[in-house]
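Chain by chain, the residues:
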Amino acid sequence: MKRLAATLAAVLCLAANSATATAINPSGGGDGSEFNMQQILDGITAGGVSRVNAFTDYMSDRKDALWTTGGCGTSSATMILEIAGNADVNSFGIYDASNVNNRAELFSGRAGAGTRVSFSFDPDLTLTVADYARKTFTDHRFDSNVFGFYFDNGANIFYSDTTRNGDGFDHMVAYASQGGEVCLPGSPAYTPWLPNEYVFGFEDTYGGGDRDYNDLVLMVESVAPVPEPGTMLLLGTGFLGLAIYGKRRKNA
């Protein structure tokens, strides 16, 4: 019993450590030729200095893996910056948490700064993606309103849930509001950065790349993280194992 409990504790400790192992390169593009994440956050902030520290204030893997919409069921994504070398073939969107192959594309190809797309769930879980500027509307059917975000560079697909990535690297960082005002590209004025608005940054290269996370940066609003799915699964599996082990000892 003690051995099983110790094993469970070690597994949980390993999961916790790996979930916070993301390291963001402070040199944009690896050689300083591009804006780094701090400069990007400062650039959209009133006064030019964000309250968010890009290198320490990102959410852990366990907290940014899966998401859901707010109470109204409607969310939107606004492009801030896309500087990936393969931007012409990039695709960004959301995927069904229960089936990564069920994906709804939000942006495709080179999306200009300020491009905005909305997405919403109907009561029957039909997901509608609305691009009002292009007057296009597409419907998708999800199994629930729990989803993750994906980034397709034309050769590989990277998911907000790091455990889904073939290279095992975290390809998305997420920043929650710490107050202040922001003005996104295409917006006429500064407005408060609200608690249900998150800035996402992506790394687009298999194997971790230069880990600057500035290849595609956008803000998604009216969403909320679904907390720690990996930890909950580990806890459930571990406690089930403890229960089974205890029952066997009792019956022995």
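For the structure given in this document, a descriptive report is provided here. Remember, it's a predicted structure, so these values are computed and weren't measured experimentally.

## Topic: the overall build of the chain
Right, on to step 1. Of regular secondary structure, the chain possesses 4 helices and 15 strands.
Right, on to step 2. In the chain, 67% of the contacts between residues at least 6 apart in sequence involve partners at least 24 apart.
Right, on to step 3. If you sum the accessible surface of the chain, you get close to 12,200 Å²; carbon and sulfur atoms cover 55% of it.

## Looking at the sheet that holds strand E2 (residues 74–82)
Right, on to step 1. Sheet architecture is open: 7 strands sit in the order E7-E6-E5-E2-E14-E13-E10, paired in antiparallel fashion. Two strands lie at the open edges of the sheet, namely strand E7 (136–141) and strand E10 (172–176), each paired on one side alone. Mean inter-strand twist for the sheet, computed between neighbouring axes without regard to direction, equals 20°.

## Brief notes about the layout of surface pockets
Right, on to step 1. Taken as a whole, the second largest pocket holds about 220 Å³ of empty space.
Right, on to step 2. What lines the second largest pocket is simply Glu105, Leu106, Phe107, Ser108, Ala111, Thr115, Val117, Val129, Asp131, Arg134, Thr136 and Thr138.
Right, on to step 3. Elements with a contribution of two residues or more to the lining of the second largest pocket: strand E4 (99–108), strand E6 (126–131) and E7.
Right, on to step 4. Taken together, the residues of the lining of the second largest pocket break down into 5 nonpolar, 4 polar and 3 charged.

## Observations regarding the pairing of strand E13 (residues 197–202)
Right, on to step 1. The element E13 is extensively covered by neighbouring structure, given that 6 of its 6 residues are classed as buried.
Right, on to step 2. Here E13 shows a buried face lined by Glu197, Val199 and Gly201 and a second buried face lined by Tyr198, Phe200 and Phe202.
Right, on to step 3. Sheet topology places E10 next to E13; 5 bridges connect them, and they run antiparallel. If you follow Ala174 over to E13, its bridge partner there is Phe200.

## Some remarks on empty space enclosed by the protein
Right, on to step 1. Scanning the model with the defined rule gives 1 cavity of 30 Å³ or more in all.
Right, on to step 2. A volume near 30 Å³ is recorded for the largest cavity.
Right, on to step 3. Taken together, Glu82, Asn90, Ser91, Phe92, Phe107, Ser108, Gly109, Phe151 and Leu216 make up the full set of residues lining the largest cavity.
Right, on to step 4. Contributing elements (two or more residues each) for the lining of the largest cavity: strand E3 (91–96) and E4.
Right, on to step 5. By residue class, the composition of the lining of the largest cavity is 4 nonpolar, 4 polar and 1 charged.

## Quick look at the nonpolar core
Right, on to step 1. Ranked by internal contacts, the top residues of the largest apolar core, which has 29 residues, are Trp67, Phe149 and Phe200.
Right, on to step 2. Those residues in contact with Phe200 that sit more than four places away from it in its chain are Trp67, Phe149, Met172, Val173, Ala174, Leu216, Val217, Leu218 and Val220.
Right, on to step 3. Residues Tyr58, Val173, Val182 and Val217 belong to the second largest nonpolar core, which totals 18 residues.

## Some words on the pattern of salt bridges
Two side chains with opposite charge may pair up if their charged atoms get near one another.
Right, on to step 1. Going through the model one piece at a time under the given rule, you end up with 1 salt bridge.
Right, on to step 2. The salt bridge partner of Asp131 is Arg134, with a shortest N-O separation of 3.8 Å.
Right, on to step 3. Residue classification places Arg134 among the exposed residues on the basis of a relative accessible area of 58%.

## Section: the environment of Ala174
Right, on to step 1. Assignment of secondary structure puts Ala174 in strand E10.
Right, on to step 2. For Ala174, a relative accessible area of 0% puts it in the buried group.
Right, on to step 3. C-alpha separation for the pair Ala174 and Lys63, spaced 111 residues apart in sequence, amounts to 9.0 Å.
Right, on to step 4. With residues up to four places along the chain from it excluded, the contact list for Ala174 reads Asp57, Tyr58, Met59, Asp64, Trp67, Val199 and Phe200.

## Here we look at unusual backbone geometry
Most peptide bonds are trans, and most residues other than glycine sit at a negative phi.
Right, on to step 1. Look at Arg211: it is not a glycine, yet its phi comes out positive at around 55°.
Right, on to step 2. By the element assignment, Arg211 lies in the loop between E13 and strand E14 (216–221).

Rules of the game
Residues numbered from 1 in each chain as written. Predicted model: local features only at pLDDT ≥ 70, side-chain atom pairs only at ≥ 80, totals over all residues. Heavy atoms only, no water. Helix = DSSP H or I, 4+ residues; strand = E, 2+ residues; numbered from the N terminus. Contact = heavy atoms within 4.5 Å. Areas by Shrake-Rupley, 256 points an atom, 1.4 Å probe, with all protein chains shown as cover. Pairing = 2+ DSSP bridges. Axes fitted to C-alpha atoms, helices over the stretch in contact; angles between N-to-C directions. 1 Å grid on protein atoms, 1.4 Å probe; cavity = no way out; pocket = protein on both sides within 12 Å on 5 of 7 lines; lining within 4 Å. Points joined across faces, edges and corners; volume = space filled by probe spheres on them. Nonpolar A, V, L, I, M, F, W, Y, C, P; charged D, E, K, R; others polar. Buried < 20%, exposed > 50% of the residue type's maximum accessible area, 1.4 Å probe, protein only. Core = buried A, V, L, I, M, F, W, Y, C linked by side-chain atoms within 4.5 Å. Salt bridge = Lys/Arg side-chain N within 4 Å of Asp/Glu carboxyl O.

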